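Topology and contacts: notes
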Number of protein chains: 2
Amino acid sequence: MPPPPPPPSQPQTPHDLRLACRNGTHTTTTSLSSPTVQCNLLVLPSRYAPSFTQLCARNPVSCPLLYSTFPGSKTAPPLAVGANLATDLPRYNVYRDGKLVAERAEVEEEWTADHVGFLIGCSYSFEWALSAAGFPPKHTLCVPVKCVPMFRTAVPLAPAGEFTGGCLVVSMRAYRERDVAEVRRITRAFRRQHGEPVAWGWAGARMLGIEEKVRKGLVDFGEWVGIDGEVGEVPVFWGCGVTPQVAVMESGIQGVVISHVPGCMFVTDVPVEEEEGPNPKL
Amino acid sequence: MPPPPPPPSQPQTPHDLRLACRNGTHTTTTSLSSPTVQCNLLVLPSRYAPSFTQLCARNPVSCPLLYSTFPGSKTAPPLAVGANLATDLPRYNVYRDGKLVAERAEVEEEWTADHVGFLIGCSYSFEWALSAAGFPPKHTLCVPVKCVPMFRTAVPLAPAGEFTGGCLVVSMRAYRERDVAEVRRITRAFRRQHGEPVAWGWAGARMLGIEEKVRKGLVDFGEWVGIDGEVGEVPVFWGCGVTPQVAVMESGIQGVVISHVPGCMFVTDVPVEEEEGPNPKL
């Protein structure tokens, strides 16, 4: 009798992947083989939902709102059949009165009947398209894969109600300068997944107020991946769904807030290529 | 026989006002008695229309797109019956290959069959609501009325296609610090007219990178109106529809581009109070 085949390196469907996250056997959503839309999660007391919705509307590049739940509901049926938003992400951050108080594998208890969940587009959704076009992000080529590097910029968000004092957070991928136009073109199509970059090159880093941090590799979130100037690489920056998480923390709102841990996203059933078609599902 | 009554100081309906602008007998749209939605105008060669639409979608606070024409059309029937966008604004700027080449009272000749007109929300639309609530903007109280002061900030726009290198432009109104919360609340409702302020106070001016210009009254557009620190006034800043005009100029796109002159807006028939109701007309 032949030996059984080796276990696959990652679950094969979004549903299987969510179950593996739920069971604790899968711990990252970087570089998935199944290219479906991934989302940032933010869970707020319901009284803040109107202002947060407005914050997203005013800052759609960094905070593209794809879905929000009814208070107390932990599901998102149009995006993911059978999913539980309180268990199906690899890791969660729990904040109380604006301070991080715990990291959790699930948040069934913290997510009360008064909480509203918001799902926000994520640049992990378009990395598949970059790779398919011959521009794989370097962090996806690391063994094991790394989380994309992220930086808080000096660019202020447009405030909304209680949510003041926020700043744009960006993800960074290094590309050769001559490839930037094509990389811009590829991600431009993913309008609700941060779309085209917000800045590029060292002049772009300066404009965002983060040149020194990027030159030194001092990430605010995620993991550093080098920029190889000798082969002509420069940093390219995209809006990042950690932005609303930082905005919520800066606002100092009261009560329990829950988010994903950066790089540990909610994986939907929606194929990325459907998202920007003539009849987008989201 | 009694003498005829004095002529009214300004036309009484939006239609009359547009005709007066067309005939050259009215030259500003600041502080109108009839509170209908006012719009910024930008007219571009049609090949740039998709990227410009995307620029607005990515920067909705400064560039809230309300309407765009079909190529060659100079009308906006849902907003203004019988209006001609090429004649009914008080003044126009004409640019060629990114450079200002003329100021005109009408642009019938410059607006070709290949041009697309874009109408963008304007903060003049909510000044009526501020005045009604007891917070009249100071520039509307000047005799004669002044144009609102405007500043180019250091905050970069999210680029879109050809439109790179733009920055947020803001309008400024001075209010007492203790009134800022109420002023924010009032304009928050006007979501497609720039909505609530983007920043306020001297810390806000610093965040936008314009503290020195504001302290010295060095406006980039419009007219300076003082800030009276002795009565507790601070600057309050709103997104401004001059932003897309600057973005288009910065991009260096080729061909003829037309815009309104700052402060000389397109006046629609749409009552401001309808704009944000349950069935907005725009």
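Keep in mind that what you see is a predicted model, and the values were worked out from it rather than measured.

**Remarks on the overall build of chain A**
The helix and strand inventory of chain A stands at 9 helices and 11 strands. Here the C-alpha radius of gyration of chain A, 18 Å, is about what a compact globule of 282 residues would show, namely 19 Å. The principal-axis extent of the C-alpha atoms belonging to chain A is close to 65 × 55 × 40 Å. By the burial criterion, 57% of the 282 residues in chain A qualify as buried. A fraction of 76% describes how many contacts in chain A between residues 6 or more apart in sequence connect residues 24 or more apart. In the form shown here, chain A has an accessible surface area of approximately 11500 Å², with 55% of it arising from carbon and sulfur atoms.

**A few points about helix α3 (residues 124–132) of chain B**
Where α3(B) is concerned, the buried positions are B:Tyr124, B:Ser125, B:Phe126, B:Glu127, B:Ala129 and B:Leu130. Directly after α3(B), the chain includes B:Gly134, whose backbone phi takes a positive value near 95°.

**Topic: the interface of chain A and chain B**
On the side of chain B, 22 residues touch chain A, which itself brings 22 residues to the contact. In terms of surface lost to chain B, no three residues of chain A exceed A:Gln54, A:Arg58 and A:Pro156, which account for 29% of the buried area on that side. For the pair chain A and chain B, the number of links is 0 salt bridges. Scanning the region where chain A abuts chain B turns up 12 residue pairs in polar contact (both at pLDDT 80 or more). At the level of secondary structure, the elements contributing two or more residues to the side of chain A that touches chain B comprise α2 (49–58), β6 (150–156) and α5 (180–188) of chain A. In terms of residue count, the dominant contributor to the side of chain A that touches chain B is α2(A) (3 residues).

**Quick word on the relation of the copies chain A and chain B**
Taken together, a rotation about one axis and a shift along it account for how the two chain copies relate. The transform that puts chain A on chain B rotates by 180° and translates by 0.0 Å along the axis, for an RMSD of 0.0 Å. Here the copies are linked by what is in effect a two-fold axis. Residues of chain A ranked by C-alpha distance from the rotation axis are headed by A:Val155, positioned 3.0 Å from it. Same-surface contact between copies: 100% of interface residues of chain A are shared with the interface of chain B.

**Describing the pairing of strand β4 (residues 99–104) of chain A**
Residue and element names in this part refer to chain A. Note that strand β3 (residues 92–96) and β4 share 5 bridges and pair antiparallel. Opposite Tyr-92, over in β4, you have Arg-104 as the bridge partner. Hairpin connection of β3 to β4: 2 residues between the antiparallel strands, including Asp-97 at a positive phi of 50°.

**Section: the domain arrangement of chain A**
Residues and elements named next belong to chain A. Segmenting chain A into domains produces domain 1 (14–123 + 251–272) and domain 2 (125–242). The gap between the C-alpha centroids of domain 1 and domain 2 is 21 Å. The interface is formed by 28 residues belonging to domain 1 together with 31 residues belonging to domain 2. Our count for the domain 1 to domain 2 interface comes out at 0 salt bridges. For the interface between domain 1 and domain 2, the tally reads 12 residue pairs in polar contact (both at pLDDT 80 or more). Only β1 (36–45), α2, β2 (65–68) and β5 (115–121) provide two or more residues apiece to the side of domain 1 that touches domain 2. Tallied by class, the residues present in the side of domain 1 that touches domain 2 amount to 15 nonpolar, 12 polar and 1 charged.

**Notes on the environment of A:Ser46**
Residue and element names in this part refer to chain A. For Ser-46, the location among the structural elements is in the loop between β1 and α2. Spatially, the C-alpha atom of Ser-46 lies 9.0 Å from that of Gly-72, the residues being 26 residues apart in sequence. Not counting the four nearest positions on each side in its chain, Ser-46 is found in contact with Pro-71, Asp-114 and Val-116.

**Regarding the pattern of salt bridges**
For the coordinates displayed, the defined rule picks out 32 salt bridges over all chains. Across the pair A:Glu110 and A:Arg104 runs a salt bridge whose closest N-O atoms are separated by 2.9 Å. When its relative accessible area of 18% is taken as the criterion, A:Glu110 is described as buried. The salt bridge partner of B:Glu211 is B:Arg206, with a shortest N-O separation of 3.2 Å. By relative accessible area, which is 49% here, B:Arg206 ends up partly exposed. Among the charged side chains, a network of salt bridges with common partners joins A:Arg184, A:Arg188 and A:Glu196.

**Describing the sheet that holds strand β8 (residues 199–200) of chain B**
Residues and elements named next belong to chain B. Taking strand neighbours across the sheet as the criterion, the 4 strands line up as β6-β7-β9-β8 in an open arrangement whose pairing is antiparallel. Here the strands that pair on one side only, and so sit at the sheet edges, are β6 (150–156) and β8. The pairing of β6 with strand β7 (residues 167–176) spans 4 bridges and is antiparallel. By the bridge assignment, Arg-152 is partnered in β7 with Val-169. Strand contacts of helix α8 (residues 242–251): β6 and β7, with the helix running at about 150° to β7, the strand carrying the most contacts.

Conventions adopted
Residues numbered from 1 in each chain as written. Chains lettered and ligands numbered in written order. Predicted model: local features only at pLDDT ≥ 70, side-chain atom pairs only at ≥ 80, totals over all residues. Heavy atoms only, no water. Helix = DSSP H or I, 4+ residues; strand = E, 2+ residues; numbered from the N terminus. Rg over C-alpha atoms; globule rule 2.2 N^0.38 Å. Buried < 20%, exposed > 50% of the residue type's maximum accessible area, 1.4 Å probe, protein only. Contact = heavy atoms within 4.5 Å. Areas by Shrake-Rupley, 256 points an atom, 1.4 Å probe, with all protein chains shown as cover. Buried area = accessible area lost by both parts, 1.4 Å probe. Salt bridge = Lys/Arg side-chain N within 4 Å of Asp/Glu carboxyl O. Polar contact = N/O pair within 3.5 Å; in protein donor to acceptor, adjacent residues only side chain to side chain. Least-squares fit on C-alpha atoms with pLDDT ≥ 70 in both. Pairing = 2+ DSSP bridges. Domains from an automatic or database assignment. Nonpolar A, V, L, I, M, F, W, Y, C, P; charged D, E, K, R; others polar. Axes fitted to C-alpha atoms, helices over the stretch in contact; angles between N-to-C directions.

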